[in-house]
Amino acid sequence: MTATDQPKAVAAALAHVRAWSNHHFDDARAGLAPDVTVTAVTTEPTRPPTARSGIEDYMAGLTSFAAAVVPGSLQVLAATGDDHNALLTVTVDVDLGAGSCPLPGARLYRVDDQGRIRAEHVVFYAGTMNG
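So, a few notes on the structure that sits alongside this text. (Residues numbered from 1 in each chain as written. Predicted model: local features only at pLDDT ≥ 70, side-chain atom pairs only at ≥ 80, totals over all residues. Heavy atoms only, no water.)

Before going further, it helps to examine the pattern of salt bridges. Taken as a whole and judged by the stated rule, the model has five salt bridges. In this structure, the salt-bridge partner of E56 is R29, at a minimum N-O distance of 2.8 Å. Here E56, found in helix α3 (residues 55–66), pairs with R29, found in helix α2 (residues 25–30); they are 27 residues apart in sequence, far enough to count as distant. Judged by its relative accessible area of 55%, E56 falls in the exposed class. The exposure class assigned to R29 is partly exposed, which follows from its relative accessible area of 29%. (Salt bridge = Lys/Arg side-chain N within 4 Å of Asp/Glu carboxyl O. Helix = DSSP H or I, 4+ residues; strand = E, 2+ residues; numbered from the N terminus. Buried < 20%, exposed > 50% of the residue type's maximum accessible area, 1.4 Å probe, protein only.)

Examined against the element boundaries, T91 turns out to sit in strand β4 (residues 85–95). Among residues more than four places away in sequence, those in contact with T91 are S73, L74, Q75, P102, L103 and P104. (Contact = heavy atoms within 4.5 Å.)

To continue, consider the sheet that holds strand β6 (residues 117–124). If you walk across this open sheet you meet the six strands as β2-β1-β6-β5-β4-β3, and the pairing is mixed. With partners counted over all chains shown, the strands left at the sheet margins are β2 (50–53) and β3 (75–81), one partner each. Neighbouring strand axes in the sheet, compared pairwise and without regard to direction, differ in orientation by 20° on average. Pairing of strand β1 (residues 32–41) with β2, which is carried by four bridges, proceeds in the antiparallel orientation. Its bridge partner being in β2, T37 is matched across the sheet by S53. Strands β1, β3, β4, β5 (100–111) and β6 of the sheet are contacted by helix α1 (residues 8–21), whose axis makes an angle of about 10° with β4. Set on the sheet, α3 makes contact with β1, β2, β5 and β6; between it and β1 the angle comes to about 45°. (Pairing = 2+ DSSP bridges. Axes fitted to C-alpha atoms, helices over the stretch in contact; angles between N-to-C directions.)

Going through the model one piece at a time under the given rule, you end up with one aromatic pair. Measuring from ring centre to ring centre gives 5.6 Å for W20 and F65, while their planes differ by 65°; the resulting arrangement is edge-to-face. Of this pair, W20 sits in helix α1 while F65 sits in helix α3, placing them 45 residues apart in sequence. Of the residues examined, W20 reaches a relative accessible area of 1% and is grouped as buried. When its relative accessible area of 30% is taken as the criterion, F65 is described as partly exposed. (Phe/Tyr/Trp six-rings, centres within 6.5 Å; stacked < 30°, edge-to-face > 60°.)

Put into structure tokens, the structure is as follows:
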């Protein structure tokens with residue numbers, strides 16, 4: 001499947017993760033709807049769930065998180081969806097000061113009619129970050 005064959009939501013989601021994982025935050029911001037929401041969860045008890053809404057709040061959380069992401073480390077393991085919904089499984093390397101380690105996760109997106117992300121739900125496995 002080529003980029004032009006991808007459903008609209010899959011293309012938007014892939015563009016978004018490629019942007020923030022390479023620290024291209026203006027590009028990541030450009031793909032967001034004004035009323036965007038995000039939730040992020042893990043089973044790691046020291047990492048509380050996240051819930052943010054609106055572009056500014058969303059981007060504050062994203063840039064804080066993505067600062068630890070090693071640019072160029074994104075691996076897309078799977079991507080599926082249609083014109084309004086996309087599900088990605090990805091991994092990025094994060095460096096918290098003691099060397100990098102993988103951070104796998106799944107990301108579920110809802111995209112509006114203009115191809116902008118309205119909702120994102122993130123589930124990640126932080127166990128690899130604990131050594």
